[in-house]
Amino acid sequence: MFYKSTRNSDVNVTSAQAIAQGISEDGGLFVPSEIPAISLDDIKALGEKSYAERALFIFSKYLTDYTEAEIRYCVEGAYNTKNFDTENIAELAHLFDGTYMLELWHGPTCAFKDMALQILPYLLTTAIKKINLDKKVVILVATSGDTGKAALEGFKDVPGTEILVFYPDNGVSAMQKKQMTTQEGENVGVCAIKGNFDDAQNGVKAIFTNKEIGEKLSENGMMFSSANSINWGRLAPQIIYYVSSYAQLVKDGEIEAGEKINIVVPTGNFGNILAGYYAKHMGVPVNKLICASNANNVLTDFLTTGIYDRNRPFHATISPSMDILISSNLERLLYHLSGGNDAQIREWFGALAASGKYEVSDDVKTMLRDEFYAGCCDDTQTKATIKEYYDKYSYTCDTHTAVAVKVYEDYVKATGDKTKTVIASTASPYKFSGSVLSALGNTADCDEFGLVEELAKVSNIPVPASLAALKDKEIRFTKVIDKTEMKDFVFNSLYVK
Ligand SMILES: *Cc1c(COP(=O)(O)O)cnc(C)c1O
């Protein structure tokens with residue numbers, strides 16, 4: 001298995017190379033040259049295995065240049081009960097008949113990013129050894145709140161690595177900010193920027209692809225890599241939980257082997273739902289992939305009209321991890337749907353960079369409508385949904401998951417589809433206690449830890465120990481910079497002259 005760049009099909013690298021590098025030199029994203037197939041028998045067999053064993057099986061299809069022992073070392077280091085508060089790693093909760101919550105937030109930072117960022121440091125450091133790169137790896141991260149903390153937690157004090165995280169100053173929740181600014185570790189740096197997530201992501205991408213900066217770094221014995229979902233090492237681990245949840249539903253007798261399911265995903269950068277697309281095309285029986293957006297509904301419009309247009313107001317919502325107008329991973333999907341047409345991708349994404357807009361071909365539009373359903377909701381609807389599900393099912397959703405739940409409700413109303421459905425639950429409600437409490441009609445006026453205590457009184461979910469522990473931690477990072485100062489911050493942090 002080789003990996004190609006979405007912007008140059010002549011690029012052909014191993015998975016280790018793709019993971020070490022993060023993004024292709026031409027600015028394209030690495031994609032597998034083909035999507036490996038698994039059979040229903042394979043899936044049934046996975047039902048009998050642990051999450052780590054399921055991961056081993058799926059990774060072995062994608063990381064064909066890693067030995068079995070190397071993959072085993074990675075999955076066992078990541079997917080265990082030291083890092084996750086449940087043996088199943090990803091939990092499947094029954095919401096009501098035929099509707100399941102895939103809880104992806106049982107890791108150390110309480111968001112689904114842990115599913116990939118607990119293993120990425122293992123995959124990356126193994127890759128560096130495999131390709132004999134004698135360089136320190138500098139991980140640059142742009143975060144809308146959850147990736148930053150999950151990456152910091154994954155990479156802290158990992159030998160041979162350094163990690164720098166940029167987050168939008170006014171674009172994260174109080175708890176998310178606390179999680180990042182109190183981060184421990186000798187190889188970590190955190191900085192707020194005056195701007196939104198797209199500014200942070202554009203800044204990081206520009207640093208990555210700037211030749212001069214890269215050469216300077218190289219002279220100093222370092223290289224960049226990425227822990228954002230532009231890195232294949234972030235995306236591959238996300239495929240596992242979709243395969244795993246299907247295998248689990250079959251094992252539990254909830255579905256017949258071969259029966260199709262819908263997958264609903266609260267979406268921002270399009271990484272999580274794209275992992276669902278890969279799972280489907282590997283052989284997991286999937287009917288619709290349902291893409292749920294908040295008021296930043298650029299994807300809803302794109303998936304229904306085929307026109308991507310980021311020229312619109314940016315809304316700061318109560319689901320901040322989805323406040324994104326440039327969804328990077330769409331580039332991977334369009335590369336696959338256009339049959340690996342790199343010239344086409346260069347044209348579309350060139351137009352996006354130049355004018356913020358592109359329109360895909362009629363063929364691709366048809367495929368998009370076939371594979372996806374898309375919908376969106378605003379903050380008022382999100383809050384009403386949290387209240388409704390709390391009252392009806394005693395289930396406390398976080399603000400992101402509630403967007404998915406609402407869009408799924410709308411989908412069922414519009415289509416009458418009775419296909420059994422898995423909804424990706426992407427964060428613990430405790431990460432967004434203030435908004436969740438306000439949705440439940442509690443207007444307690446206290447700091448983020450007081451809010452956690454309030455939520456604990458009404459929710460039947462135990463308070464995650466990692467969040468409670470933040471209360472006594474010292475704030476280490478307070479810097480706020482202009483988005484034009486990101487490069488200087490990086491060089492200063494790394495002592496690059
Ligand atoms: C990152 C994130 C999302 C969006 O996921 P993408 O892969 O960027 O589409 C949704 N919900 C939460 C809680 C997140 O942290």
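Our subject is the structure that appears above.
Just so you know, these numbers come straight off a predicted model, no measurement behind them.

About the cut-offs
- Residues numbered from 1 in each chain as written.
- Predicted model: local features only at pLDDT ≥ 70, side-chain atom pairs only at ≥ 80, totals over all residues.
- Heavy atoms only, no water.
- 1 Å grid on protein atoms, 1.4 Å probe; cavity = no way out; pocket = protein on both sides within 12 Å on 5 of 7 lines; lining within 4 Å.
- Points joined across faces, edges and corners; volume = space filled by probe spheres on them.
- Helix = DSSP H or I, 4+ residues; strand = E, 2+ residues; numbered from the N terminus.
- Nonpolar A, V, L, I, M, F, W, Y, C, P; charged D, E, K, R; others polar.
- Salt bridge = Lys/Arg side-chain N within 4 Å of Asp/Glu carboxyl O.
- Buried < 20%, exposed > 50% of the residue type's maximum accessible area, 1.4 Å probe, protein only.
- Axes fitted to C-alpha atoms, helices over the stretch in contact; angles between N-to-C directions.
- Parallel < 35°, antiparallel > 145°, perpendicular 65-115°, else oblique.
- Left-handed = near helix turned anticlockwise from the far one by under 90°.
- Contact = heavy atoms within 4.5 Å.

Asker: Teacher, can you tell me more about empty space enclosed by the protein here?
Answerer: Over the atoms rolls a probe the size of a water molecule, and in doing so it shows where empty space is left. Applying the stated rule across the entire model yields three cavities of 30 Å³ or more. Empty space within the largest cavity amounts to approximately 270 Å³. Surrounding the largest cavity, 27 residues form its lining, Phe112, Lys113, Gly268, Asn269 and Ser321 being those nearest its centre. Taken together, the elements giving at least two residues each to the lining of the largest cavity come down to helix 7 (146-155), helix 11 (232-251), strand 10 (261-266) and helix 12 (271-282). Across the lining of the largest cavity, the residue classes tally to ten nonpolar, 14 polar and three charged.

Asker: Hey, could you run me through the pattern of salt bridges in this one?
Answerer: Working definition: two side chains of opposite charge can pair if their charged atoms are close together. What the rule picks out here adds up to 26 salt bridges. Across the salt bridge formed by aspartate 146 and lysine 431, the nearest N and O atoms sit 2.7 Å from each other. Here the residue aspartate 146 occupies a position in helix 7, and lysine 431 occupies one in the loop between strand 15 (421-425) and helix 19 (433-439), the gap between them amounting to 285 residues. For aspartate 146, a relative accessible area of 3% corresponds to the buried category. When its relative accessible area of 1% is taken as the criterion, lysine 431 is described as buried.

Asker: Can you help me understand the packing of helix 9 (residues 197-209) against helix 22 (residues 486-494) in this one?
Answerer: Geometrically, a packed helix pair is captured by the angle between its two axes and the distance between the axes. Two elements in contact, helix 9 and helix 22, have axes separated by 10 Å at closest approach and are oriented at 60°. Regarding the angle of helix 9 to helix 22, the classification is oblique. For helix 9 against helix 22, the interelement crossing comes out right-handed. Residues Asp199, Ala200, Gly203, Val204 and Ile207 of helix 9 form the contact with helix 22, whose own contacting residues are Met486, Lys487 and Val490. By residue class, the composition of the contact of helix 9 with helix 22 is five nonpolar, one polar and two charged.

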